[in-house]
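Structural description and commentary
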Amino acid sequence: MKEGRMHRLAAVAISALLIAAPAQAEIKLGFVTALSGPAAALGIPYANGMKAAQKYRGKIGAETVTLIQLDDGSDPSAATRNARKLVEEDKVDFLIGTATAPATIAMTTVANELGVPMIAVSPVKIESEDPAKQWTIAVPQPPMLMAKVVADRMKRDKVKNVGYIGFSDAWGDLVYAGGKAAEERGDIKLLTNERYARTDTSVTAQILRVLATKPDGVLIGGSSTQAALPLIALQERGFKGPTYGLASLINPDFVRVGGKAAEGVQVSAGPVIVSEQLPDGHFSKKLSADFRAAYKDANGSESRDGFSAYSFDAYLVFAAAAERALGKAKPGTPEFRKAMRDEMLNTKELSGVHGVYNFKPGQGYGVDDRSLVIVQLKDGKWIYTP
């Protein structure tokens, strides 16, 4: 009897301790990327950048950041399912994703519907008729701005008539729209609008149609390894004119697959790509060094792509918003999600490795001209060409 009573007393004491002990403090971050499928060459760097970000800043105040990462397989439908699972089952406070524009658009639809703040790491068009219902922003440079910087370089290079070939999806549309905006300003004239799928293995027919217009230069609206296909086809047909692209080309696999055909391509890219070549005092230089150190510590290798840096910057924006939101609500509650959304949209002059971020309600992008430089591929390395 005495022994049984002691066991009961011990159980009551343990229960009292458990009740008195504070719950494990955590902010849940849901992250979707493409670890498989055609976009894995982009999605894996995004994942590596997130590892670097957590190594750089694993706690926000007294709160631990719990990262839940899912693979969308480069499929927009899977991205939708992942986003819903993260919100409805895992109860995340925040979303970041994903590797392709179509899958990212699918995620933003879920974020807006369920009222969860989200940062897009792919450049997509973010629309919000009612700023009070906006839950999503994007950290990459908007394609219109990337295309403007490239068009400025084309103008300097005296390239007027430009052939265009890009993906037959949302990304290809965004790059083409940027080129058309430059055309409306009188900077260039687009001669073609050739498209190809991310899974295609040849673009011969499209390149023949581009070359038939006798362009001064060619603008590529692809990304990663698949962006090398038009350049290889151009080289095989003896094209000697300049070639141009956007930040989506900055990837080791693009350089490897493109080889000699990719040499000389000029790209508008975030300053992190050439941070060591930047002048002292540039906003990106020191933070980029910290990012590279954290990346190497987390992944055991060097970072030389722009995609890992996008997820790193997304995490910085998320962390700054979370730090301010903690003074308003507790993680895991609808109130905290709303506070996170409000603080995310109130980001002011936050330096990242790609840009200096400023957001406000009704605005999807938060960077300006400071976020882009022109780089050129020479001997397999990206060279800063101010």
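Residue numbers run consecutively from 1 along every chain, following the written order of its sequence. Given that this is a predicted model, residues contribute local features only at a pLDDT of at least 70 and side-chain atom pairs are listed and counted only at 80 or more, while totals for whole chains, interfaces and linings are drawn from all residues. Water and hydrogen atoms were dropped before computing side-chain values, which therefore reflect all heavy atoms in the structure.

It is worth spelling out the environment of Asp-130 at this point. A run of DSSP states H or I qualifies as a helix once it reaches four residues; a run of E qualifies as a strand once it reaches two. Both are numbered from the N-terminal end. Among the structural elements, Asp-130 can be located in the loop between strand E5 (118-120) and strand E6 (136-138). Any residue under 20% of the maximum accessible area for its type is buried, any over 50% is exposed, and the rest in between are partly exposed; the area is computed with a 1.4 Å probe on protein chains only. Asp-130 sits in the partly exposed class, given a relative accessible area of 33%. Taking C-alpha positions, Asp-130 is 8.9 Å from Pro-361, a pair spaced 231 residues apart along the chain.

Quick look at the packing of helix H2 (residues 40-56) against helix H11 (residues 307-325) now. Contact geometry of H2 with H11 gives a least axis separation of 7 Å together with a crossing angle of 40°. When the interaxial angle is binned, H2 and H11 end up oblique. In terms of crossing hand, the pair formed by H2 and H11 is right-handed. Counted together, Leu-42, Pro-45, Tyr-46, Gly-49, Met-50, Ala-52, Ala-53, Gln-54 and Tyr-56 of H2 and Phe-307, Ser-308, Tyr-310, Ser-311, Phe-312, Tyr-315 and Leu-316 of H11 form the full contact between these two elements. Its residues assigned to classes, the contact of H2 with H11 comprises twelve nonpolar, four polar and no charged. Axis definition: a line fitted to C-alpha atoms, over the contacting stretch in the case of helices. Angles run 0 to 180 degrees between N-to-C directions. Should an angle fall under 35 degrees it is called roughly parallel, over 145 degrees roughly antiparallel, and 65 to 115 degrees roughly perpendicular, with every other angle called oblique. The hand of a helix crossing depends on one turn: near helix anticlockwise from the far one by less than a right angle means left-handed, and clockwise means right-handed. Two residues form a contact once any of their heavy atoms are found within 4.5 Å. In this classification, the charged set is Asp, Glu, Lys and Arg, the nonpolar set is Ala, Val, Leu, Ile, Met, Phe, Trp, Tyr, Cys and Pro, and all remaining amino acids, among them Gly, are polar.

As used here, the term nonpolar core means buried Ala, Val, Leu, Ile, Met, Phe, Trp, Tyr and Cys residues forming a set that is joined through side-chain atoms within 4.5 Å. One finds Leu-95, Ile-96, Ile-119, Leu-219, Phe-254, Phe-318 and Trp-382 to be the most contacted residues of the largest nonpolar core, which totals 121 residues. Those residues in contact with Ile-119, other than ones at most four positions away along the chain, are Phe-94, Leu-95, Ile-96, Gly-97, Ile-137, Val-139, Ala-314, Val-317, Phe-318 and Met-344.

Taking burial as the measure, the eight residues of strand E1 (residues 26-33) include six buried ones, the bulk of the element. Only strands that DSSP links by at least two bridges are regarded as paired with each other. Looking at chain direction, E1 and strand E4 (residues 94-97) are connected through four bridges and run parallel. Its bridge partner lying in E4, Gly-30 is registered against Leu-95.

Attention now moves to the environment of Met-146. Structurally, the position occupied by Met-146 is in helix H5 (residues 143-156). We classify Met-146 as buried; its relative accessible area is 1%. In the structure, Met-146 is positioned 222 residues away from Asp-368 in sequence and 10 Å away in space, judged by C-alpha atoms.

Below, the discussion takes up the sheet that holds strand E2 (residues 59-60). The mixed open sheet is built from six strands, whose spatial order is E2-E3-E1-E4-E5-E6. The sheet is open, and its two borders are formed by E2 and E6, each paired with just one other strand. Where E4 meets E5, three bridges bridge the pair, whose relative direction is parallel. Its bridge partner being in E5, Ile-96 is matched across the sheet by Ile-119. Seen against the sheet, helix H3 (residues 76-88) touches E1, strand E3 (63-71) and E4 and runs at an angle of roughly 150° to E3.

This part is about H11. Taking 1.5 Å of rise per residue, the 19 residues of H11 would be expected to cover 27 Å, and the 27 Å separating its terminal C-alpha atoms lies within 8% of that figure. Counting buried positions along H11 yields 17 of 19 residues, so the element is predominantly enclosed. One fewer than the residue count of a helix, multiplied by 1.5 Å, yields its expected span.

Below, the discussion takes up the confidence of the model for the protein. You can read pLDDT as the predictor saying how much it trusts each residue, on a scale of 0 to 100. Taken residue by residue, the protein gives an average pLDDT of 91. The fraction at 70 or more is 94%. Ignoring residues within four places in sequence, the model shows residues 5-24, a span with pLDDT below 50, making one contact including any to other chains.

Here Glu-343 lies in helix H12 (residues 334-344). Glu-343 sits in the buried class, given a relative accessible area of 8%. Ignoring sequence-local partners within four residues, the contact set of Glu-343 consists of Ala-321, Arg-324, Ala-325 and Lys-328.

All right, on to H2 then. Here H2 spans 24 Å end to end across 17 residues, near enough to the 24 Å set by a 1.5 Å rise per residue. Judged by how many residues are buried, H2 sits mostly within the fold: twelve of 17 residues are covered. Those residues of H2 that sit buried are Ala-40, Ala-41, Leu-42, Gly-43, Pro-45, Tyr-46, Ala-47, Asn-48, Gly-49, Met-50, Ala-52 and Ala-53. Those residues of H2 that are buried are in contact with E1, E3, E4, helix H9 (252-258), helix H10 (285-299) and H11.

The subject of this paragraph is the packing of aromatic side chains. The criterion for an aromatic pair is that two Phe, Tyr or Trp rings (for Trp, the six-membered ring) have centres within 6.5 Å, with stacked assigned to planes under 30 degrees apart, edge-to-face to planes over 60 apart and tilted to the rest. Here the structure, examined in full by the defined rule, presents eleven aromatic pairs. Aromatic pair Tyr-46 and Phe-307: ring centres 5.6 Å apart, planes at 75°, arrangement edge-to-face. With Tyr-46 in helix H2 and Phe-307 in helix H11, the pair connects residues that are 261 residues apart, well separated along the chain. Summarising the aromatic geometry, the rings of Tyr-164 and Tyr-176 are spaced 5.4 Å apart at their centres and angled 45° between planes, so their arrangement reads as tilted. Here Tyr-164 is found in strand E7 (residues 161-167), whereas its partner Tyr-176 is found in helix H6 (residues 170-184), with twelve residues between them in sequence. Residue Tyr-164 is classed as buried on the basis of its relative accessible area of 0%. Ring pairing ties together the aromatic residues Tyr-56, Phe-291, Tyr-295 and Phe-312, which thus form one cluster.

Inspection of the secondary structure assignment puts Asp-93 in the loop between H3 and E4. Although Asp-93 is buried, it forms no salt bridge, and the closest oppositely charged side chain is Arg-337 at an N-O distance of 5.0 Å. Here a polar contact means two N or O atoms within 3.5 Å. Within protein one must be a hydrogen donor candidate and the other an acceptor candidate, and residues neighboring in sequence count only if both atoms are side-chain atoms. A polar side-chain atom of Asp-93 sits 2.7 Å from the main-chain amide nitrogen of Gly-332. For the charge count, each Lys or Arg is scored as positive and each Asp or Glu as negative, with His and the chain ends excluded. Note on definitions: salt bridges are taken to be side-chain nitrogens of Lys or Arg within 4 Å of carboxyl oxygens of Asp or Glu.

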